Amino acid sequence: MECVRSGALDLGRSGNFLGKSGSTTSCGKVRCSTNLAGSTKCEQNLHGKAKPLLLSASGKARGTSGLVHRSPVLKHQHHLSVRSTSTDVCTTFDEDVKGVSSHAVEEKVGVLLLNLGGPETLNDVQPFLFNLFADPDIIRLPRLFRFLQRPLAKLISTFRAPKSKEGYASIGGGSPLRKITDEQANALKVALKSKNLEADIYVGMRYWYPFTEEAIDQIKKDKITKLVVLPLYPQYSISTSGSSIRVLQNIVKEDPYFAGLPISIIESWYQREGYVKSMADLIEKELSVFSNPEEVMIFFSAHGVPLTYVKDAGDPYRDQMEDCIALIMEELKSRGTLNDHTLAYQSRVGPVQWLKPYTDEVLVELGQKGVKSLLAVPVSFVSEHIETLEEIDMEYRELALESGIENWGRVPALGCTSSFISDLADAVVEALPSASAMATRKVKDTDSDMDMMHYLTKMFLGSVLAFFLLLSPRLVSAFRNTLQ
Ligand SMILES: C=CC1=C(C)c2cc3[nH]c(cc4nc(cc5[nH]c(cc1n2)c(C)c5CCC(=O)O)C(CCC(=O)O)=C4C)c(C)c3C=C
Ligand SMILES: [Fe+2]
């Protein structure tokens with residue numbers, strides 16, 4: 001049977017076709033159309049009634065595991081394939097189907113926004129911190145000592161809570177993260193709609209409400225048929241996007257619905273033109289507030305991670321961060337903004353070494369070197385949160401002014417900036433065609449990146465440390481001091 005095609009249909013993996021306006025392929029009693037998002041809907045005209053069929057990104061009609069449910073009375077299988085070449089061939093679509101009651105499910109696209117979450121009240125702070133430190137992607141104990149994870153989390157969260165509470169109290173008594181993320185979700189829905197993609201947006205937080213697990217339950221209840229997962233961290237780290245994706249992977253392993261659901265994960269997106277340009281716009285705007293904009297040092301401050309993540313566990317975070325800064329600076333240069341810039345890492349916790357240089361140390365050095373004007377740019381996160389509102393705006397500002405810096409500015413987080421949200425929407429649209437069942441993909445196991453000796457040494461040191469921490473009151477109080 002010959003298929004007739006109008007428009008340009010490309011069901012391949014690349015997003016090449018995305019600039020095009022969609023297409024229609026007719027194939028006997030089947031008519032397929034691809035929308036801007038690359039999702040293809042096919043209708044089979046049976047007994048004069050059009051029934052929708054859904055094709056996966058590979059162009060294959062999905063079987064019973066996924067989207068096309070067939071009733072037991074269906075006697076003949078429909079084999080439908082649409083290829084991405086210019087001559088589409090429709091194969092073996094049985095004509096003599098009688099009494100077919102196949103009920104195909106219409107495509108329902110979901111977008112899952114992953115974020116960290118934050119305590120909404122001061123009473124939430126300690127349990128929030130417990131959730132954070134109980135995450136094996138935040139405190140990476142050797143596998144054999146994972147049984148200590150929760151007691152250790154209890155200990156650290158209890159000691160850290162008073163200091164964290166002070167921080168949250170100073171920004172109004174709680175984290176603004178949930179509100180901002182909800183606003184971003186709404187804005188994304190509108191942006192997607194304007195790009196002809198109807199999608200339901202879900203927010204899944206790693207350490208506080210609404211938890212990723214809740215979002216995932218809702219996705220299942222809503223019978224989403226294709227899912228794009230978008231962590232709201234521009235750069236990938238084991239401790240952020242990696243941790244949230246791991247939660248998802250664990251659910252996928254257990255749940256047949258998710259195992260068969262086509263999912264596309266956007267692991268990092270700092271390199272997207274829309275993001276880079278939006279950041280450059282914000283920087284230019286804030287530079288213009290200074291009386292001598294060209295003399296201002298652009299000071300990128302990223303959330304740090306312990307050095308071992310990058311050195312031993314292969315976390316690409318530092319590389320991606322450096323790449324990201326280079327792209328933003330290149331964009332600024334192309335606009336004629338030639339300011340000096342520097343990158344430093346903030347918000348370290350605990351006694352281990354984190355990525356260097358540290359924000360507080362660099363601020364002091366810059367002041368001593370005679371830098372007079374500085375524009376702080378938070379770069380690892382796209383919402384205002386405790387580390388922008390308290391750490392940068394209060395602690396670092398004060399430190400900078402004490403160190404001799406006279407003019408201080410700070411670039412706001414991207415939030416709902418329209419060019420940024422529009423770019424996120426493009427990222428979702430581009431990711432849809434590569435959605436595939438996660439169950440068949442290999443989970444990145446960062447533990448295996450460590451060599452054996454290193455692993456054994458860590459195991460030994462970890463156990464000694466855990467032993468003393470749990471049993472020695474004097475060490476506990478010393479540890480408390482390092483955490484504050
Ligand atoms: C890219 C962003 C982030 C990375 C990487 C990251 C790693 C990381 N964080 C901690 C410990 C804490 N983080 C805390 C808050 C917090 N962290 C991020 C982002 C990243 N963390 C955000 C956006 C927030 C703020 C959430 C909010 O409530 O507004 C906290 C709690 C606050 C505090 O007590 O300072 C801790 C603790 C570790 C250990 C880590 C990497 C291993
Ligand atoms: Fe953090």
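Residues numbered from 1 in each chain as written. Chains lettered and ligands numbered in written order. Predicted model: local features only at pLDDT ≥ 70, side-chain atom pairs only at ≥ 80, totals over all residues. Heavy atoms only, no water.

Per an unreviewed UniProt entry, the chain goes by the name Ferrochelatase and belongs to Hordeum vulgare subsp. vulgare.

Put simply, helix H7 (residues 273–287) and helix H9 (residues 317–334) touch, their axes get as near as 9 Å, and they point 60° apart. Helix-helix and strand crossings are classified by hand; for H7 and H9 the assignment is right-handed. Every residue of H9 that contacts H7 at Tyr 275, Val 276, Lys 277, Met 279, Ala 280, Ile 283 and Glu 284 is listed here: Cys 324, Leu 327, Ile 328, Glu 331 and Leu 332. Taken together, the residues that form the contact of H7 with H9 break down as nine nonpolar, no polar and three charged. (Axes fitted to C-alpha atoms, helices over the stretch in contact; angles between N-to-C directions. Helix = DSSP H or I, 4+ residues; strand = E, 2+ residues; numbered from the N terminus. Left-handed = near helix turned anticlockwise from the far one by under 90°. Contact = heavy atoms within 4.5 Å. Nonpolar A, V, L, I, M, F, W, Y, C, P; charged D, E, K, R; others polar.)

With that settled, consider the sheet that holds strand E13 (residues 341–346). Strands pair in a sheet through their backbones, by hydrogen bonds, and they do so in one of two ways: parallel or antiparallel. Spatially, the four strands line up as an open sheet ordered E13-E12-E14-E15, and their pairing is parallel. Two strands bound the open sheet, and with one partner strand each, they are E13 and strand E15 (407–410). For this sheet, the mean angle separating the axes of adjacent strands, direction not counted, is 25°. Each of strand E12 (297–303), strand E14 (373–378) and E15 is contacted by H7, which is oriented at about 155° to E14, the strand it contacts most. Seen against the sheet, helix H11 (residues 386–402) touches E12, E13, E14 and E15 and runs at an angle of roughly 165° to E15. (Pairing = 2+ DSSP bridges.)

Bringing the site of ligand 1 into the picture now. Around ligand 1, the structure places 30 residues, and the nearest of them are Arg 160, Ser 164, Tyr 168, Ser 175 and His 303. Side-chain polar atom of Tyr 168 to an oxygen atom of ligand 1: 2.4 Å apart, as the coordinates give it. Ser 175 places a polar side-chain atom, nitrogen or oxygen, 3.0 Å from an oxygen atom of ligand 1. In the complex, the protein chains occlude 97% of the 800 Å² of accessible area that ligand 1 would expose alone. Looking at the shell around ligand 1, the element that brings in the most residues is helix H1 (residues 125–133), giving four residues. (Near = heavy atom within 4 Å. Polar contact = N/O pair within 3.5 Å; in protein donor to acceptor, adjacent residues only side chain to side chain. Areas by Shrake-Rupley, 256 points an atom, 1.4 Å probe, with all protein chains shown as cover.)

The subject of this paragraph is the pattern of salt bridges. Applying the stated criterion across every chain, the model contains 19 salt bridges. Salt-bridge contacts for Glu 198 lead to Lys 193; the nearest nitrogen and oxygen are separated by 3.7 Å. For Glu 198, a relative accessible area of 51% corresponds to the exposed category. Exposure remark for Lys 193: the relative accessible area of 51% places this residue in the exposed category. Among the ionic contacts, a cluster of salt bridges with common partners joins Asp 281, Glu 284, Glu 331 and Arg 335. (Salt bridge = Lys/Arg side-chain N within 4 Å of Asp/Glu carboxyl O. Buried < 20%, exposed > 50% of the residue type's maximum accessible area, 1.4 Å probe, protein only.)

So, on to H11. The largest bend in H11 comes to about 35°, at Ile 392. Within the sequence span of H11, burial applies to Ile 386, Glu 387, Thr 388, Glu 390, Glu 391, Ile 392, Tyr 396 and Ala 400. For H11, the elements touching its buried residues are helix H2 (149–170), E12, E13, helix H10 (359–369), E14 and E15. Gly 404 occupies a position one or two residues after H11 and carries a positive phi of about 110°. (Bend = angle between axes of the 7 residues up to and from the residue.)

With that settled, consider the packing of aromatic side chains. Scanning the entire structure with this criterion turns up nine aromatic pairs. Each ring, one from Trp 269 and one from Tyr 275, has its centre 5.4 Å from the other, and the planes form 90°; the classification is edge-to-face. Of the residues examined, Trp 269 reaches a relative accessible area of 1% and is grouped as buried. In this structure an aromatic cluster arises from ring pairing among Trp 208, Tyr 209 and Phe 211. Over the ring of Tyr 309 we find Arg 140; its NZ or CZ atom is 5.5 Å from the centre of that ring. Here Arg 348 stacks its cationic end above the ring of Tyr 358, 3.7 Å away from the centre of that ring. (Phe/Tyr/Trp six-rings, centres within 6.5 Å; stacked < 30°, edge-to-face > 60°. Lys NZ or Arg CZ within 6 Å of the ring centre and 35° of its normal.)

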